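# Topology and contacts: notes
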Amino acid sequence: MNPLEPLAAHTSFKGEQRLYRHYADTLHRPLELAIYLPVASLLKERPCAALYYLPGLQTNARLVASQSDYQRYANRYDTILVIPDLFNVYQGDDIARTDQYTREHQAIAAYLQDELPATLAAHFALAPGRGIMGYGFGGTLAIYHARSHPTSYHSASALAPWLGFIGTPWHAEHLAHVQLPEHFDPNAWYAAHPDAPPLPLWIDQGTNDDHLGNKIHLAAFETTVADRIASGEIWINWHKRYDHSFYFVHSHIREHFVFHSEHHDL
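Just so we're clear, the structure is a prediction, and the values are computed from it rather than from any experiment. (Residues numbered from 1 in each chain as written. Predicted model: local features only at pLDDT ≥ 70, side-chain atom pairs only at ≥ 80, totals over all residues. Heavy atoms only, no water.)

### Comments concerning the overall build of the protein chain
For the protein chain, the helix and strand inventory stands at 11 helices and nine strands. For the protein chain, the C-alpha radius of gyration of 17 Å lies close to 18 Å, the compact-globule estimate for 266 residues. Across its three principal directions, the C-alpha atoms of the protein chain cover 50 × 40 × 35 Å. When burial is assessed residue by residue, the protein chain has 57% of its 266 residues classed as buried. A fraction of 73% describes how many contacts in the protein chain between residues 6 or more apart in sequence connect residues 24 or more apart. By element, 51% of the accessible surface of the protein chain is carried by carbon and sulfur atoms, the whole surface being about 11300 Å². When the 18 basic and 28 acidic side-chain charges of the protein chain are each reduced to a single mean position, those positions are 7 Å apart. (Helix = DSSP H or I, 4+ residues; strand = E, 2+ residues; numbered from the N terminus. Rg over C-alpha atoms; globule rule 2.2 N^0.38 Å. Buried < 20%, exposed > 50% of the residue type's maximum accessible area, 1.4 Å probe, protein only. Contact = heavy atoms within 4.5 Å. Areas by Shrake-Rupley, 256 points an atom, 1.4 Å probe, with all protein chains shown as cover. Lys, Arg positive; Asp, Glu negative; His and termini not counted. Charge placed at Lys NZ, Arg CZ, Asp CG, Glu CD.)

Structure below.
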């Protein structure tokens, strides 16, 4: 197992925001990990729940860690937040970066499922189970990965995830040539797995998001998972006037920590 190389550390809301460099064997490349340790973890009072945050295609771990006060909520809910910088080596627009993701999607899945948890367990005291969340494309990946490994995650959540895009004119024009994993689109996954066991899922979406109607077709997803919404497995929250930006993320990230904390012990 490769070590975590410390790059920086900053006190934040009594806990500590750390930045590490980690060589990922499964990815055959180094990447940065932004890891927030709540005060309960720093003082070794008790094991803390792990929550993975997958950034969008055009963002990185350093930016996410510095552009939000999520640390306030991670500390409040005894959560070790882990942001793996999965996409920072990618180049180009969202379509080009999506294509680059497909070339290593199996390695990314192996990293998230095996190498990253083992690395964290070797360095920090973790409570059983973990949650996963993400923003934009990272939110889509979070849902897909959690649903592909249902016994590994107690909950999943996403802010403005790409979904419902398979089969749309936008998909035909921009993504049809990209070999995404089967059922990567959450709408396609749930349609193909109507009898899959429940997994708590929370989604926030702004009504002024300029990706609505191309990358994001949340209304179609609501129809597909209507029974799961009615049963209380899936929560979808529309927010008037919010766009696709960090301002939206900052405004609603607290709810994600509350949601995941409610499922830590389930």
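### What to know about helix 6 (residues 137–148)
Along its 12 residues, helix 6 runs 16 Å from first to last C-alpha, staying within 8% of the 16 Å computed at 1.5 Å per residue. When you tally the buried positions in helix 6, you get 11 out of 12 residues, the bulk of the element. If you check which residues of helix 6 are buried, you get Phe 137, Gly 138, Gly 139, Thr 140, Leu 141, Ala 142, Ile 143, Tyr 144, His 145, Ala 146 and Arg 147. (Expected span 1.5 Å × (residues − 1).)

### Focus: the layout of surface pockets
Reported here for the largest pocket is a volume of approximately 170 Å³. Every residue lining the largest pocket is listed: Arg 18, Leu 37, Ser 41, Leu 42, Lys 44, Glu 45, Arg 46, Pro 47, His 123, Phe 124 and Ala 125. Split into classes, the residues belonging to the lining of the largest pocket amount to five nonpolar, two polar and four charged. (1 Å grid on protein atoms, 1.4 Å probe; cavity = no way out; pocket = protein on both sides within 12 Å on 5 of 7 lines; lining within 4 Å. Points joined across faces, edges and corners; volume = space filled by probe spheres on them. Nonpolar A, V, L, I, M, F, W, Y, C, P; charged D, E, K, R; others polar.)

### A look at the pattern of salt bridges
Here the structure, examined in full by the defined rule, presents 11 salt bridges. As a salt-bridge pair, Arg 228 and Glu 233 come within 2.9 Å of each other at their nearest N and O atoms. Just as Arg 228 is buried, Glu 233 falls in that class too. Salt bridges sharing partners connect three or more residues here, namely Glu 45, Arg 46 and Asp 78. (Salt bridge = Lys/Arg side-chain N within 4 Å of Asp/Glu carboxyl O.)

### Here we look at the sheet that holds strand 3 (residues 29–37)
The sheet built from nine strands is open, its strands ordered 1-2-3-5-4-6-7-8-9 with mixed pairing. Looking at strand neighbours, the two that pair on one side only are strand 1 (4–12) and strand 9 (234–239), the edges of this open sheet. Strand-to-strand twist across the sheet, computed as the mean angle between neighbouring axes with direction ignored, equals 20°. The pairing of strand 4 (residues 48–54) with strand 5 (residues 79–84) spans four bridges and is parallel. Following the sheet pairing, Ala 50 is matched in strand 5 by Ile 80. Along the sheet, helix 5 (residues 105–123) contacts strand 1, strand 2 (15–24), strand 3, strand 4, strand 5 and strand 6 (126–135); its crossing angle with strand 2, the most-contacted strand, is approximately 125°. Seen against the sheet, helix 6 touches strand 4, strand 6, strand 7 (155–159) and strand 8 (201–206) and runs at an angle of roughly 140° to strand 6. (Pairing = 2+ DSSP bridges. Axes fitted to C-alpha atoms, helices over the stretch in contact; angles between N-to-C directions.)

### Some details on the environment of Ala 156
Residue position: Ala 156 is located in strand 7. If we skip the residues at most four places from it in the chain, Ala 156 touches Ile 132, Ala 146, Leu 199, Pro 200, Leu 201, Trp 202, Phe 259 and His 260.

### Some details on the pairing of strand 4
With respect to burial, strand 4 is a largely interior element, seven of its seven residues being buried. Pairing between strand 4 and strand 6: six bridges, direction parallel. Across the sheet, residue Leu 54 finds its bridge partner in strand 6, namely Gly 134.

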